[in-house]
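# Residue-level structure breakdown
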Amino acid sequence: MNEDSSLPYAEVIGDPIAQSKSPLIHGFWLEQLGLEARYVARRVASEDLADYISERRGDSSWRGCNITMPLKQDVIPLLDEIEPQAKAIGAVNTVYRGEGGTLIGANTDAEGFLEPLRDKLAADHLFRMARIIGNGGAARAIITALSQHNFTLVLAARNQGKSRKLLKELVPDGEHYAAPLSHFAQETHFEFDDREGCLDLVINASPLGMRGQPELAFDWSHAPPGSIAYDIVTDPIETKFLSNAKSAGFAAIGGLSMLIGQAATAFEKFFGEAPPRDLDHQLMEKLSA
């Protein structure tokens, strides 16, 4: 592909940014579709964000950017419009151009997270419960997404007060619970009610288990029968959290599913074409290499 700097382009920004898999994903789709465009990673620190947005406003080749931590909330006051879902979540992970060159903030994390669960969510359930580990930026999107699908939520983190505050902010009208992370580390002999007709999720929305981070201490005796384990960590692809879940007999969803799902929505906003999702298996292989 021609790397002419005048080509339409989009970026992923954050600090740090070298670990991002977004250039590989978007680059793969651009190549498969034969689009003359670029997608690159750019390190942008919090103190440089306002200047970055100002510069990109005047660049007619710039189609937008994906945003990673720690910029997902800082970018909001710098934009012209925020989509309703991003407002509800309180964070933006995608900026794209609207009519007249306006800059619009979106959040594709929620949609990406839900994508591998769509078949399950299409079914009727007597009760839906999700145990969510972590109360950071990713958890905001997951809490919002699941509350919109009638889940009762248990939010577990080291800082129980922050969890309560987050639940009160995002889902004030629901009956949800904050729990200490340590509660799930030790074996339990709790006898679960009949889970026939129920949908139970156990989600790692924290950095625990990521390469270079401590492991997530979660004992799978806390998961009701038939639960689905979902880890949003993408490095390593198979975390100890997921491998332990599989060993305990639970179905498992890895972080690449969410990563590709959220990227697909952003790609269409940037380049005006849907990515070739029939090639997801090839993309998964590239990301796993």
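An account of the accompanying structure is given in this report. Being a predicted model, the structure only gives us computed values, none of them experimental. (Residues numbered from 1 in each chain as written. Predicted model: local features only at pLDDT ≥ 70, side-chain atom pairs only at ≥ 80, totals over all residues. Heavy atoms only, no water.)

## Describing the overall build of the protein
A count of helical and extended segments in the protein gives 10 helices and 12 strands. Expected size for 289 residues packed as a compact globule is a radius of gyration near 19 Å; at 19 Å, the protein falls within 12% of this value. Across its three principal axes, the protein shows a C-alpha extent of roughly 65 × 40 × 40 Å. Looking at the 289 residues of the protein, the share that counts as buried comes to 50%. (Helix = DSSP H or I, 4+ residues; strand = E, 2+ residues; numbered from the N terminus. Rg over C-alpha atoms; globule rule 2.2 N^0.38 Å. Buried < 20%, exposed > 50% of the residue type's maximum accessible area, 1.4 Å probe, protein only.)

## Some details on the packing of helix H6 (residues 137–147) against helix H7 (residues 160–170)
Two elements in contact, H6 and H7, have axes separated by 10 Å at closest approach and are oriented at 45°. The pairing of H6 with H7 is recorded here as oblique in orientation. Here the hand of the crossing between H6 and H7 comes out right-handed. Along its contact with H6, which presents Arg-140, Ile-143 and Thr-144, the element H7 presents Leu-166, Leu-167, Glu-169 and Leu-170. Within the contact of H6 with H7, the residues separate by chemical class into four nonpolar, one polar and two charged. (Axes fitted to C-alpha atoms, helices over the stretch in contact; angles between N-to-C directions. Parallel < 35°, antiparallel > 145°, perpendicular 65-115°, else oblique. Left-handed = near helix turned anticlockwise from the far one by under 90°. Contact = heavy atoms within 4.5 Å. Nonpolar A, V, L, I, M, F, W, Y, C, P; charged D, E, K, R; others polar.)

## Things to note about the environment of Asn-66
On the secondary structure map, Asn-66 appears in strand S3 (residues 62–67). Residue classification places Asn-66 among the buried positions, given a relative accessible area of 5%. Excluding its chain neighbours within four sequence positions, the residues that come into contact with Asn-66 are Glu-11, Val-12, Ile-13, His-26, Tyr-39, Asn-93, Thr-94, Gln-262, Ala-266 and Phe-270. There is a polar contact of 3.1 Å between the side chain of Asn-66 and the side chain of Thr-94. (Polar contact = N/O pair within 3.5 Å; in protein donor to acceptor, adjacent residues only side chain to side chain.)

## Brief notes about the side chain of His-26
Mapped onto the elements of the fold, His-26 is located in helix H1 (residues 22–33). A polar atom in the side chain of His-26 sits 3.5 Å from the side chain of Asn-66. Among all residues touching His-26, those that are not within four sequence positions of it are Tyr-39, Asn-66, Ala-263, Phe-267, Phe-270 and Phe-271.

## Describing the sheet that holds S3
Spatially, S2-S1-S3-S5-S6-S4 is the arrangement adopted by the six strands of the open sheet, whose pairing is mixed. In the strand order of this sheet, the two ends are held by strand S2 (38–43) and strand S4 (81–82), each with one partner. Each of strand S1 (9–14), S2, S3, strand S5 (94–97) and strand S6 (103–106) is contacted by helix H2 (residues 49–57), which is oriented at about 175° to S1, the strand it contacts most. (Pairing = 2+ DSSP bridges.)

## Description of H2
Buried within H2 we find Leu-49, Tyr-52, Ile-53 and Arg-56. What you see down the axis of H2 is that its buried residues fit within an arc of 95°, all on one side. For H2, the elements touching its buried residues are S1, S2, S3, S5 and S6. (Arc of directions from axis to C-beta.)

## What about the nonpolar core?
Side chains that are nonpolar tend, in soluble globular proteins, to be buried together. In terms of nonpolar packing, the biggest core is built from 32 residues, with Phe-113, Ile-132, Ile-143, Leu-146, Leu-201 and Ile-203 touching the most fellow members. A per-element tally of this core places H6 first, with seven residues. Apart from the residues within four sequence positions on either side, Ile-143 is in contact with Ile-132, Leu-153, Leu-155, Leu-166, Leu-167, Leu-170 and Val-171. Core analysis: the second largest hydrophobic core is formed by 25 residues, Leu-30, Ile-260, Phe-267 and Phe-270 among them. (Core = buried A, V, L, I, M, F, W, Y, C linked by side-chain atoms within 4.5 Å.)

## Quick word on the pattern of salt bridges
One pass over the full model with this rule turns up 13 salt bridges. The closest approach of N and O atoms between Asp-80 and Arg-57, which form a salt bridge, is 3.0 Å. You can see Asp-80 sitting in the loop between S3 and S4 and its partner Arg-57 sitting in helix H2, a full 23 residues away along the chain. The partly exposed category is assigned to Asp-80, whose relative accessible area is 44%. (Salt bridge = Lys/Arg side-chain N within 4 Å of Asp/Glu carboxyl O.)

## Structural notes on unusual backbone geometry
In this structure, Pro-16 follows Asp-15 across a cis peptide bond, with omega equal to 5°. For Pro-16, the location among the structural elements is in the loop between S1 and H1. Of the consecutive residues Asp-235 and Pro-236, the connecting peptide bond is found in the cis state with omega at 10°. Among the structural elements, Pro-236 can be located in the loop between strand S11 (228–231) and helix H8 (240–247). Unlike most non-glycine residues, Asn-150 shows phi in positive territory, near 65°. Relative to the elements of secondary structure, Asn-150 occurs in the loop between H6 and strand S8 (152–157).

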